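# Summary of structural features
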2 protein chains.
Amino acid sequence: MIRAVTYLLLSSLACFVSAEDDLGPRQVILVIGDGMDDQQITIARNYLAGASGQLLLDRMPLRASVQVLAVEDKEQGAPVYVSDSANTATAMATGTITSRGRIATAPGTDKDITTIVELATAAGLRSGLVTTASVTDATAAAFATHVSSRRCEDPDHMQDVTVYGFNIADCSEDLKANGGPGSVAEQLAESALDVLLGGGRRRFAPIVEGGTISVEELADQNGFHLVTNTAELLSAKPNGKLLGLFAPGNLPVRLQGENKRIAEDPKRSWLNHLHPYLGSVQLPEPMGCEPNPDFEGTPTLKQMTETALAHLSHNNDSGFFLMIESASIDKQAHERKPCGSIGEMAQLEAALGSILEFAARQPRTLVVVTADHAQVAQLIPDQSLFEKYPIPAATPGKLARIKTPEGAHMAVNFATTNFMMEEHAGTAVPLFSNEEGLGRIPPFLQQPQLFQIMRTYLGI
Amino acid sequence: MIRAVTYLLLSSLACFVSAEDDLGPRQVILVIGDGMDDQQITIARNYLAGASGQLLLDRMPLRASVQVLAVEDKEQGAPVYVSDSANTATAMATGTITSRGRIATAPGTDKDITTIVELATAAGLRSGLVTTASVTDATAAAFATHVSSRRCEDPDHMQDVTVYGFNIADCSEDLKANGGPGSVAEQLAESALDVLLGGGRRRFAPIVEGGTISVEELADQNGFHLVTNTAELLSAKPNGKLLGLFAPGNLPVRLQGENKRIAEDPKRSWLNHLHPYLGSVQLPEPMGCEPNPDFEGTPTLKQMTETALAHLSHNNDSGFFLMIESASIDKQAHERKPCGSIGEMAQLEAALGSILEFAARQPRTLVVVTADHAQVAQLIPDQSLFEKYPIPAATPGKLARIKTPEGAHMAVNFATTNFMMEEHAGTAVPLFSNEEGLGRIPPFLQQPQLFQIMRTYLGI
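Please read these numbers as outputs of a predicted model, since none were measured by experiment.

Here we take up the overall build of chain A. Along chain A, the regular secondary structure elements total 13 helices and 21 strands. Whereas a compact globule of 460 residues would reach a radius of gyration of roughly 23 Å, chain A reaches 23 Å, a difference of no more than 12%. Viewed in the frame of its principal axes, chain A has a C-alpha envelope of about 75 × 60 × 50 Å. Buried positions account for 61% of the 460 residues belonging to chain A. Long-range pairs, those at least 24 residues apart, make up 75% of the contacts in chain A with a sequence separation of at least 6. Averaging the positions of the 35 positive and the 53 negative side-chain charges in chain A gives two centres separated by 5 Å.

Written as structure tokens, this is what we have:
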């Protein structure tokens, strides 16, 4: 009832002020924590703020749940219950449910689907994408490019794309020679984006399809000013198109396990191999998290975010759309590195601080924070619930026991596959918003609805 | 001056209306889905409503997240990151953070902590507890009794309590002979509860400590009318104290896997045992869910809920507190039975339908639905994210592949321990509320805060 009244009031107000108010332009800032489900948030909260503490996320006035949806790769395909970053970013960027691996293209047909960045450009708004992954990686890509497989990131990876020696993708139909838009990197270089910051410089080195210049040179021709380190990022003038490429691939992460340790197999005695109730099992020793030396010199997500906000808001009467991704919450969880995920949650929190300060200064800024899909790291008991039974049972998967600053041990379990990378989970994911979201975002929504909400807010 | 006058006017008005308004009494109905985290909700939604469907829960106007907290079993103990149903029910029932296994008693000291049922009784409100578990099990117990271990459920299980031959609990200090309140069953039989429905009749058979009558006879002396089957439940007159005990232990669940199948180990070739990238792995065959024949004749949670509501609201000008638990979402997940958990989610949904109808008729009824703690069942890809790599990797745990009514397969993974029962997860849990919760329940809260919110709402 109160919500309904609020909604009516806001609707009336929107009609009243929409045409010629003096509140300035409208902005949407969409923050995506890749794989940032409630498990990841709880694990990060315990480490960063304590079991009873609060993250900045927890203080946001709106919290909702998002239904994550994927389908088989054909028209009218059956539902697929677990998603990846490609189809979920497509859902948020275009409002369309597609199949795993697809970048703003339709299941089965490969038809390109208009993205919110393209709509913003057409309406005269600015736009930006910021990520701690390669800018050609799935999440950023789906907001501004169209390709049948997320693996087709540059002109050298369009046909028979191999990873670890296995042929896992082919984007022949997306080749320019076949009437397609080309690789992700080429499309980004030619895009109308005002700001594009992240990693992936090696994706801009190849020669463009059917041309003689590199993708980086193509971006230069399209007016992008290239920066490649923190000093250049921080001193970039806030006008013109800005391209930041701060690593060959994904950016290094902020934290790692002590001595680079990750989740490990419990050590089982030979008797325990015969039956899990026999012999003994030694759990991995607890470990701390420590700064990752490779991160030194890398711009933080907060720094990239602040630069993007300065660029997009500079002398801008038209508003903007900005997507900010903390990408390696997911990537580190795939690799069973909970300290890495925690550090990237901290990066998201720091960037969010700057975003909320910006939104406090700039009225009509809708801030939405959400995950694209759920991850599979699990916070399980460090002391088993069944410890009183004298049985050496332990996880069949891999475990990290993390020493937290409040003097306790937090056990994080990874056990969805014996492959080198963990799977994703199919759970609904959380969504947070600032006051601008109240009355506009329901407590439960389908992921594609987010596209409609952002589009309506921007009036595009 | 004007402000002061306004304040005085409003205060007088508040005094005027608070005592003698005509909106009737206040009620709180707390629905606990044991272990009902977002994984369980998503799994149940996919099966019961489809990947794009909505549960009744999803249509509730308020959704929040609850921080679940436990501590070591000593005064000023360090945090423990994963909880059980005893300490979490204690948090909701008393507003106090305690250690795992404790029932409304303080960590270290065993001091009894007043529960919301006791406060309701003292204030002249009615109260009821309904569960699909034994009424002496942890969740219901923590709302009306006090004991150092959840295992001390009846007079025969107070000292050296053994389970599977292992001594796992001792409640000597809670014996009446030692000045304590006795076992959970004895305390329930002597309680001021108006309605108590669930399983656990065998807990009421033993002779009370230091007496000559059974716990059931003690309950009878205390004015409880006993019903033991559905017909008796449905024909019980809506006045007087009602005790329903419909099974010797926990009530049978509604659904089971086809041919009683549960999650199973993938079958590995001998080569695959040497290295997970070699040989072959056969995943368990997909299975349907089917009605559990043992459930026949058992009252549904909906029937128990409707009877409880009729009893508690009959000629009642004072209001009531009612806790409803769907207990076996968790218990079935411990046993790696996802069909069982889905069926108990369906039971919760059906009961919630009746509760929301009651709340629509009866103003000032706060309905809160939440989980006590998270569970570890995981919805993982039925077709691996890495299926394009010709490697036979599969879960190291146990997997159930469930055929859903919309014609797809849903893979549910259990992999936290090799023990016969899975662990819990430490994740924050969802909370839902009706319109009465708006403005009263923040988007993020600590579990003990829920006690304060309910208490304040009831004015007790």
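This part covers the state of the cysteines. All names here are of chain A. On inspection of all chains with the given rule, the structure shows four disulfides over all chains. The disulfide partner of Cys289 is Cys339, and the S-S distance across this bridge is 2.1 Å. The chirality of the disulfide connecting Cys289 with Cys339 is left-handed, given an S-S dihedral of about -75°. Taken as a pair, Cys289 in strand 14 (residues 289-291) and Cys339 in helix 12 (residues 338-361) lie far apart in primary sequence, 50 residues in all. The same class applies to Cys289 and to Cys339, which are both buried.

Residue and element names in this part refer to chain B. One open sheet accounts for three strands, arranged 17-19-18; its pairing is antiparallel. Here the strands that pair on one side only, and so sit at the sheet edges, are strand 17 (378-380) and strand 18 (398-403). Taking the axes of each pair of neighbouring strands and ignoring which way they run, one obtains an average angle of 35° across the sheet. Examined bridge by bridge, strand 18 and strand 19 (residues 409-414) share six bridges and lie antiparallel to one another.

For the pair chain B and chain A, the best superposition has an RMSD of 0.0 Å and corresponds to a rotation of 180° with a translation of 0.0 Å parallel to the axis. Seen this way, the second copy is the image of the first under a two-fold rotation axis. The share of interface residues of chain B whose copies in chain A are also at the interface is 97%, consistent with both copies meeting through the same surface.

Another aspect to go through is the pairing of strand 8 (residues 195-199) of chain A. Residue and element names in this part refer to chain A. Within strand 8, five of the five residues are buried, leaving the element largely enclosed by the surrounding structure. In the sheet, strand 8 pairs with strand 10 (residues 241-245) via four bridges, with the strands oriented parallel. Bridged to Leu196 within strand 10 is Leu243.

It is worth spelling out unusual backbone geometry at this point. Negative phi is the rule for most residues except glycine; trans is the rule for most peptide bonds. All names here are of chain B. The phi dihedral of Tyr164 falls on the positive side, at around 50°, and the residue is not glycine. Relative to the helices and strands, Tyr164 resides in the loop between strand 6 (161-163) and strand 7 (166-169). The phi angle at Asn259 is positive, at roughly 50°, despite the residue not being glycine.

With that out of the way, let us pick up the packing of helix 2 (residues 38-48) of chain B against helix 12 (residues 338-361) of chain B. All names here are of chain B. At a minimum axis separation of 9 Å, helix 2 and helix 12 run at an interaxial angle of 85°. Taken as axis vectors, helix 2 and helix 12 run roughly perpendicular relative to one another. For the pair helix 2 and helix 12, contact is made by Gln40, Ile41, Ile43, Ala44, Tyr47 and Leu48 and by Ser341, Ile342, Met345 and Ala346, respectively. Classifying every residue of the contact of helix 2 with helix 12 by side-chain character gives eight nonpolar, two polar and no charged.

Through backbone hydrogen bonds, the strands of a sheet pair up, either in parallel or in antiparallel fashion. Residues and elements named next belong to chain A. Pairing is mixed in the open sheet, where ten strands are placed in the order 9-10-8-5-15-1-16-20-2-21. The open sheet is flanked by strand 9 (224-227) and strand 21 (444-446), the only strands paired with a single partner. The sheet shows a mean angle of 20° between the axes of neighbouring strands, taken without regard to direction. Taken strand by strand, helix 12 contacts strand 1 (27-33), strand 5 (126-134), strand 15 (320-326) and strand 16 (365-371), and its axis lies near 165° from that of strand 16. In the packing of helix 13 (residues 447-458) onto the sheet, the strands contacted are strand 1, strand 2 (62-67), strand 15, strand 16, strand 20 (429-433) and strand 21, and the crossing angle to strand 21 comes to about 95°.

The next subject is the packing of helix 10 (residues 301-313) of chain A against helix 12 of chain A. All names here are of chain A. Across the interface, helix 10 lies against helix 12 with an axial gap of 8 Å and an inter-helix angle of 25°. The orientation of helix 10 with respect to helix 12, classified from their angle, is roughly parallel. Crossing geometry of helix 10 relative to helix 12 is assigned as right-handed. Of the residues in helix 12, those in contact with Leu301, Lys302, Thr305, Glu306, Leu309 and Ser313 of helix 10 are Gln347, Leu348, Ala350, Ala351, Ser354, Ile355 and Phe358. Looking at the contact of helix 10 with helix 12 residue by residue, the class counts come to seven nonpolar, four polar and two charged.

The next point concerns the interface of chain B and chain A. Facing the 76 residues of chain B at the interface are 77 residues of chain A. Interface area, chain B with chain A, both sides summed: about 6600 Å², of which 60% is carbon and sulfur. Considering only the surface of chain B that becomes buried against chain A, Tyr81, Tyr389 and Asn418 of chain B emerge as the three largest contributors, covering 12% of it. Our count for the chain B to chain A interface comes out at zero salt bridges. Here chain B is connected to chain A by 36 residue pairs in polar contact (both at pLDDT 80 or more). In terms of residue class, the side of chain B that touches chain A is built from 37 nonpolar, 26 polar and 13 charged.

Parameters and conventions
- Residues numbered from 1 in each chain as written.
- Chains lettered and ligands numbered in written order.
- Predicted model: local features only at pLDDT ≥ 70, side-chain atom pairs only at ≥ 80, totals over all residues.
- Heavy atoms only, no water.
- Helix = DSSP H or I, 4+ residues; strand = E, 2+ residues; numbered from the N terminus.
- Rg over C-alpha atoms; globule rule 2.2 N^0.38 Å.
- Buried < 20%, exposed > 50% of the residue type's maximum accessible area, 1.4 Å probe, protein only.
- Contact = heavy atoms within 4.5 Å.
- Lys, Arg positive; Asp, Glu negative; His and termini not counted.
- Charge placed at Lys NZ, Arg CZ, Asp CG, Glu CD.
- Disulfide = S-S within 2.5 Å.
- Pairing = 2+ DSSP bridges.
- Axes fitted to C-alpha atoms, helices over the stretch in contact; angles between N-to-C directions.
- Least-squares fit on C-alpha atoms with pLDDT ≥ 70 in both.
- Parallel < 35°, antiparallel > 145°, perpendicular 65-115°, else oblique.
- Nonpolar A, V, L, I, M, F, W, Y, C, P; charged D, E, K, R; others polar.
- Left-handed = near helix turned anticlockwise from the far one by under 90°.
- Buried area = accessible area lost by both parts, 1.4 Å probe.
- Salt bridge = Lys/Arg side-chain N within 4 Å of Asp/Glu carboxyl O.
- Polar contact = N/O pair within 3.5 Å; in protein donor to acceptor, adjacent residues only side chain to side chain.

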